[in-house]
Amino acid sequence: MRITDTSDLWWKTAVVYCLDVETYFDDDGDGVGDFAGLARRIDYLADLGVTCLWLMPFYPTPDRDDGYDVSDFYGVDPRLGTHGDFVEVIRTAKDRGMRVIVDLVVNHTSDRHPWFRESRKSVDNPYRDFYVWRKDKPKKSANTVFPGEESSIWELDEKTGEYFLHSFYRHQPDLNVANPRVRDEIAKTIGFWLQLGVSGFRVDAVPFLLAPDAGMDFGDPHEFLRDLRRFLQRRSSEAILLGEVNLPYREQLDYFGGAEGSELSMQFDFVGMQALWLSLARRDPAPLVEALGQRPATAVESQWANFVRNHDELTLDKLSDAEREEVFAAFAPDASQRIYGRGITRRVPPMLEGDPRRIRMLYSLLFSLPGTPVLFYGEEIGMGENPEIEGRQSVRTPMQWDATENGGFSTARPSRLVARPPGNGWAPQHVNVVAQRDDDGSLLQHVRRLAARYRQSAEIGWGELEVLEHDAPAVLVHALTSDLGRFLGIHNFAENPATVTFPLGDEPDGSMLVDLLGDARIEPDAGLVSLEVDAYGYRWFRVGRPGDGRLG
């Protein structure tokens, strides 16, 4: 393949950055972030190396679930701005080389959505079948997603005497996707935002969307997902669907559309993420290596999205009970730092006790593992959570731009902020963009360099993975090989330096390792490479071959 081929499947080498508009930058001083504020920070994101901006829900909402309770799929919450402000952000981002994707939350609506308000008026209302209603509560049903907060997924509506389904909170009734009218409305929603310039969607809770209630005539649920993909590509050939599918690998393959790649374009690697945290807890790459080895092969059009932390709890539900307890003990020793019996409500730096070596190594892994890296806002400067905010919201605090009390997020009084920044060592006075912007040794500059090198190394996104054998058990050495070249990543999970020796492989005479994060050139000795790796160290190399134009 040619390097120019990578632009057709742009998402395979993208740098994705997730943010919540209401916590990013407040332009009008009312304590809530807005689109006008985001537009003023587009250049910062471009300089960081972001090529795909993922916007969390910005639609009109009662805001009982951080915007995931949508009351109008076609609107912009007035606290955040207008459609005009939204389009200005899209236009400015594209001018700086960034595509924008937005959250598609269509498994459910808010109970204040006009459809549901109509639906609950009477059992024969035209919108009744937009949702899932039952005369009697099923004797057996799925477990609630939020144990301790919801005791059932069925809620009695007093007016009509029937129960409605809510896979999540009771104020988020599930849409009846078996209803063709509902499917049409979802397609219209997709078409609307594509028309305004977005380049795709992060699809929320995909398995719930495709899981009809017992007795419903839904046909093949995956045919619906294929229909959405076909519709998407008719409207925009470059647009993608990035799916939240927290399932075992063998089931995730179905959501890609198998060998044809006819459904989701990308999926988050929840299994790999959880194995990574187990490896960090054990200071041993073996769990991560095992998970990566279990990743199924996908169509060339499909891609895995790698992340170390997202906007929800850091879920550990795919680990065994004993493994989960290991990770809890290492990174969430206090019960208040855990939620739902499966997750952690902390950001990365506090979990790693602020150790800059481990933090930098972790993000080096994120950018060098096979797939597309996804950052959650504030990760690039090492923001911490605010433990005074309960639950998952503790990590969704305002972006910290400078050392002022509000972190430069807003000029409003602290009491009016949508959320309060953390205190202690993670306060804006200690962690902010301005302090790190011109500091070559800062985490911000580290992430910026990683993003730049990742973008210059398309083999990371396109290459085939090989884990190289050697005699240093705490060190992961992996290669990614494609027609574009061969990349080597070396990461030490332990607190002690190590020496690793490994075969370079079947390379032509005169080949050498070109240091992508430094200026070293290493020639193999009898086909073997031997090098030192610092405690929690990391090295990136490209195999430079004679005449390939990539030796320097």
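Residues numbered from 1 in each chain as written. Predicted model: local features only at pLDDT ≥ 70, side-chain atom pairs only at ≥ 80, totals over all residues. Heavy atoms only, no water.

Enquirer: Teacher, can you tell me more about the environment of alanine 299 here?
Expert: Inspection of the secondary structure assignment puts alanine 299 in the loop between helix 10 (286-294) and strand 10 (303-306). The class for alanine 299 is buried, based on a relative accessible area of 7%. With 43 residues separating them along the chain, alanine 299 and phenylalanine 256 place their C-alpha atoms 8.2 Å apart. (Helix = DSSP H or I, 4+ residues; strand = E, 2+ residues; numbered from the N terminus. Buried < 20%, exposed > 50% of the residue type's maximum accessible area, 1.4 Å probe, protein only.)

Enquirer: Quick question: what am I supposed to make of the environment of valine 245 here?
Expert: Here valine 245 lies in the loop between strand 8 (240-243) and helix 8 (249-256). Here valine 245 falls in the buried class, since its relative accessible area comes to 0%. Among residues more than four places away in sequence, those in contact with valine 245 are Val206, Pro207, Gln252, Tyr255, Leu264, Gln267, Phe268 and Phe270. (Contact = heavy atoms within 4.5 Å.)

Enquirer: Even after reading the chapter, I still don't get the packing of aromatic side chains, so can you show me in this structure?
Expert: Each aromatic ring pair is specified by the distance between its two centres and by the angle formed by the two planes. By the definition in use, this model includes 37 aromatic pairs. Pairing phenylalanine 256 with tryptophan 304 gives two aromatic rings, centres 5.0 Å apart and planes at 90°, and the pair type is edge-to-face. Of this pair, phenylalanine 256 sits in helix 8 while tryptophan 304 sits in strand 10, placing them 48 residues apart in sequence. Taking 5.2 Å as the distance between ring centres and 75° as the angle between the ring planes, the aromatic pair formed by phenylalanine 270 and phenylalanine 307 counts as edge-to-face. Here phenylalanine 307 lies in the loop between strand 10 and strand 11 (314-315) and phenylalanine 270 lies in helix 9 (residues 270-282), a separation of 37 residues in the sequence. (Phe/Tyr/Trp six-rings, centres within 6.5 Å; stacked < 30°, edge-to-face > 60°.)

Enquirer: When you look at the side chain of glutamate 22 in this model, what are you seeing that I'm missing?
Expert: The topology assignment puts glutamate 22 in the loop between strand 1 (16-19) and helix 1 (35-39). With residues up to four places along the chain from it excluded, the contact list for glutamate 22 reads Val32, Gly33, Asp63, Asp66, Arg79, Leu80, Phe409 and Val418.

Enquirer: Could you clarify how one ought to interpret the sheet that holds strand 10 in this entry?
Expert: Pairing between sheet strands relies on hydrogen bonds along the backbone, with the strands arranged either parallel or antiparallel. Spatially, eight strands are ordered 1-2-3-7-8-9-10-14 in a closed barrel, and the strand pairing comes out parallel. Taking the axes of each pair of neighbouring strands and ignoring which way they run, one obtains an average angle of 25° across the sheet. Across two bridges, strand 8 lies against strand 9 (residues 266-268) in parallel orientation. For leucine 242, the partnering residue across the bridge sits in strand 9 and is methionine 266. (Pairing = 2+ DSSP bridges. Axes fitted to C-alpha atoms, helices over the stretch in contact; angles between N-to-C directions.)

Enquirer: So what exactly am I meant to see when it comes to the state of the cysteines here?
Expert: Here a disulfide denotes one covalent bond, and it connects the sulfur atoms of two cysteines. Going through the model one piece at a time under the given rule, you end up with zero disulfides. The thiol sulfur of cysteine 52 is not disulfide-bonded, and the nearest other cysteine sulfur, from cysteine 18, lies at 10 Å. You can call cysteine 52 buried: its relative accessible area is 1%. (Disulfide = S-S within 2.5 Å.)

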